[in-house]
2 protein chains.
Amino acid sequence: MEDRTELSALGEFGLIERLNKDNKTQNESTVVSIGDDAAVLDYKDKQILVSTDAMAEGIHFDMVYTPLKHLGYKAAVSNFSDIYSMNGRPKQITIALSVSNRYSVEALEELYSGIRLACEKYGVDIIGGDTTSSASGMVISITVLGEGEKDKITRRSTAKENDLICVSGDLGAAYAGLLVLQREKATWKANPDMQPDLDSYDYVLERQLKPEAQKWLIDFFEKNGIVPTSMIDISDGLASEILHICNDSGVGCEIYMERLPIDYQTSRTLEEFQIPAETGALNGGEDYELLFTIDQKDYEKIKNNADIHIIGYIKDKNSGCKLVTPQNSTIDIKAQGWNHYNDM
Amino acid sequence: MEDRTELSALGEFGLIERLNKDNKTQNESTVVSIGDDAAVLDYKDKQILVSTDAMAEGIHFDMVYTPLKHLGYKAAVSNFSDIYSMNGRPKQITIALSVSNRYSVEALEELYSGIRLACEKYGVDIIGGDTTSSASGMVISITVLGEGEKDKITRRSTAKENDLICVSGDLGAAYAGLLVLQREKATWKANPDMQPDLDSYDYVLERQLKPEAQKWLIDFFEKNGIVPTSMIDISDGLASEILHICNDSGVGCEIYMERLPIDYQTSRTLEEFQIPAETGALNGGEDYELLFTIDQKDYEKIKNNADIHIIGYIKDKNSGCKLVTPQNSTIDIKAQGWNHYNDM
């Protein structure tokens, strides 16, 4: 980066103004955007979906290998994913940015350019935010608002026995990408002159650094008249998410290990780290795919879509939550999840 | 505090669960609260007001003299104020908390108890949030949602020539309270055995540590059929806020110095610090009073309310923004504002 403008040179108002100077809105529901004490929205007969997620430097991202533009893109997209997972559509976000003066104005503009790119792609308006200095590091907290139709909003607590369990896309890639980045960081620390060769990891790296949300699936549901019986996005790993659905719905499940969708590059990469591909698929976070259940009557509607994978089915509560191996033995599904506070 | 449970002992999900265990909602518009990927709201024919504000340790608050419960209360109330300033009513908040593991679970519960107290008092539901660890310190970022009626939402850009400029309550007290706290901190650092005597500063300290938002004024407007022509809340000081109204509305103003409402304890305290009371009233932040303009036809409706003060009137743009002294000379109003990044 050539230019460096100190944050103190602009002040809080100047900074907010500069970050938002080209802000345009594209949704009819955005009546008033940035520039007053509050934004004004009109959702007419639609219901409002709201979710807040924060990402912290050193916990959710490492500046050594995270380009700021990608970071902004990912922060936005991971929030959109929370709205899609309710079978809704993200429409607006507010951004609360907490940064130390180690960052320049240009760095924050780079971050914002990533957020703006994601917003343009997914049809979302930036309607407000706050920027404050922090003692150290960066925390990006985004609140997303979206619209849903009353009888189509999909909870995680409404799966029923015999429903099919489906997942979009493929799993474990973002985790595989993270492992590669961490290895490269360690290598680079040991020998700063070494140039990393990352060509053969392009897919897993992109999944880690610049993930996408599954808007296409919500479009597909709408077009085909499908309302999933439950849905959740996969941010903490499939195992953790299916347990959320089962616990909240009061049901059990069977997941077939050999049905887990895993990309070839993902399994090859995980192999390098001596991690079974299925473990990465079950416990790796940040895939932002959607895990959902549908009534069996909708089977015909989804069976030919190559990006929807039926991985199991919902059972009664007493059956527990089981993983079925190719050898037909069963294992209790346990959530690994992420415990940020343990790593500090 | 006797008990100390480490954040790592609970993990992220456990912590969120514990902080929200007694969470009850009281608004009809809250359809689904905490516990899914997103909350679900239904505002029916009302418009939605949205605002996000962040408070950072070391910038907006100092743990040495800020009780955690008060901090939570203030963080919530300052956000509610943004909705009242649009002539709306706050209904829901989401909380993004970023904390280092220096804080215990009990400390965060104390913070939450203050947020919850404010929510109960103002009729607001906690509908979501995220808790993440930070490298150091604490950042509390709150997004507030509120409802407003389409033809009654009050912007800062709609003041007209000849409107009366009014302010609720009194000004400068929160700033006076801050000065007292900073002085006590310095004294205590020099001599830790010294017990502070703060009895005679009760009002200014409360205004700094546990401010209130002006719900009563919105009730008063509704009851008396008043729609202000413009409104803003006073978080950065009267001077800064009146300039926002004038600049955004394309008008000028005259403010009469002797009309500025200042409590006796405020002026006495500011005097100790050799600060003219009017300077404190004009440039001191965090009062969370409301600054608004009304059409002169509404004068009769407000003239007998002791908590509403007419401090000037709106003029044409070419007249500029002037402060009129008791000696009838005029001074250009300039915003001091706060520049957080300069202080680091």
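None of these values were measured; they are calculated from a predicted model.

S.K.: How would you explain the interface of chain A and chain B if you had to name every residue and give the values?
M.R.: Across the boundary between the two partners, chain A contributes 61 residues, which contact 61 residues of chain B. Of all the secondary structure elements, the ones that give two or more residues to the side of chain A that touches chain B are α1 (7–19), β2 (39–41), β3 (47–56), α2 (68–84), β4 (89–99), β5 (125–133), β6 (138–148) and β8 (230–233) of chain A. Per-element tally for the side of chain A that touches chain B: the top contributor is β3 of chain A, with 9 residues. Per-class residue counts for the side of chain A that touches chain B are 26 nonpolar, 24 polar and 11 charged. Bridging between β3 of chain A and strand β2 (residues 39–41) of chain B involves 3 bridges; their strand directions are antiparallel. Each bridged residue has a counterpart across the sheet, and for Leu49 of chain A the counterpart in β2 of chain B is Val40 of chain B.

S.K.: So what about the domain arrangement of chain A? Which residues, and what values?
M.R.: Residues and elements named next belong to chain A. Annotation of chain A at the domain level lists domain 1 (7–148) and domain 2 (164–343). On the domain 2 side, the residues contacting the 17 residues of domain 1 number 21 residues. In terms of residue count, α2 provides more of the side of domain 1 that touches domain 2 than any other element does, 9 residues in total. Here the side of domain 1 that touches domain 2 is built from residues that sort into 8 nonpolar, 6 polar and 3 charged.

S.K.: Talk me through helix α1 (residues 7–19) of chain B; I want residue IDs and the actual numbers.
M.R.: Residues and elements named next belong to chain B. Over its 13 residues, α1 runs only 12 Å from end to end, short of the ideal 18 Å by more than 12%, given 1.5 Å per residue. At Phe13, α1 shows its maximal kink, close to 85 degrees. Restricting attention to buried positions, one finds in α1 the residues Leu7, Glu12, Leu15 and Leu19. Those residues of α1 that are buried are in contact with α3 (105–122) and β5 (125–133).

S.K.: Go over unusual backbone geometry with me, naming the residues and quoting the values.
M.R.: The phi angle of most residues is negative, glycine excepted, and most peptide bonds adopt the trans form. Positive phi is not limited to glycine here, since Lys44 of chain A has a value of about 45 degrees. Its location among the elements puts Lys44 of chain A in the loop between β2 and β3.

S.K.: Hey, could you go over the relation of the copies chain A and chain B for me, with residue numbers and the actual values?
M.R.: Note on the copies: chain A fits chain B at an RMSD of 0.0 Å, the axial shift is 0.0 Å, and the rotation between them is 180 degrees. One copy is carried onto the other by what is essentially a two-fold rotation axis. Taken together, the interface assignments show that 100% of the residues at the interface of chain A recur at the interface of chain B, consistent with an identical surface on both copies.

S.K.: Can you tell me about the pairing of β3 of chain A, naming the residues and giving the values?
M.R.: All names here are of chain A. The element β3 is extensively covered by neighbouring structure, given that 10 of its 10 residues are classed as buried. Of the strand pairs in this sheet, β3 and β6 are connected by 10 bridges, and their pairing is antiparallel. Looking across to β6, one finds that Ile48 is bridged to Glu147.

S.K.: Can you explain the environment of Ile218 of chain A? Please cite residues and give values.
M.R.: Residue and element names in this part refer to chain A. Here Ile218 shows up in helix α6 (residues 215–223). Here Ile218 falls in the buried class, since 23 other C-beta atoms lie within 10 Å of it. Taking the C-alpha atoms as reference points, Ile218 and Lys21, separated by 197 residues in sequence, lie 32 Å from one another. If sequence neighbours within four positions are ignored, Ile218 has contacts with Tyr84, Asn87 and Arg89.

What counts and how
- Residues numbered from 1 in each chain as written.
- Chains lettered and ligands numbered in written order.
- Predicted model: local features only at pLDDT ≥ 70, side-chain atom pairs only at ≥ 80, totals over all residues.
- Contact = placed C-beta atoms within 7 Å.
- Helix = DSSP H or I, 4+ residues; strand = E, 2+ residues; numbered from the N terminus.
- Nonpolar A, V, L, I, M, F, W, Y, C, P; charged D, E, K, R; others polar.
- Pairing = 2+ DSSP bridges.
- Domains from an automatic or database assignment.
- Expected span 1.5 Å × (residues − 1).
- Bend = angle between axes of the 7 residues up to and from the residue.
- Buried ≥ 20, exposed ≤ 12 C-beta atoms within 10 Å, placed from the backbone.
- Least-squares fit on C-alpha atoms with pLDDT ≥ 70 in both.

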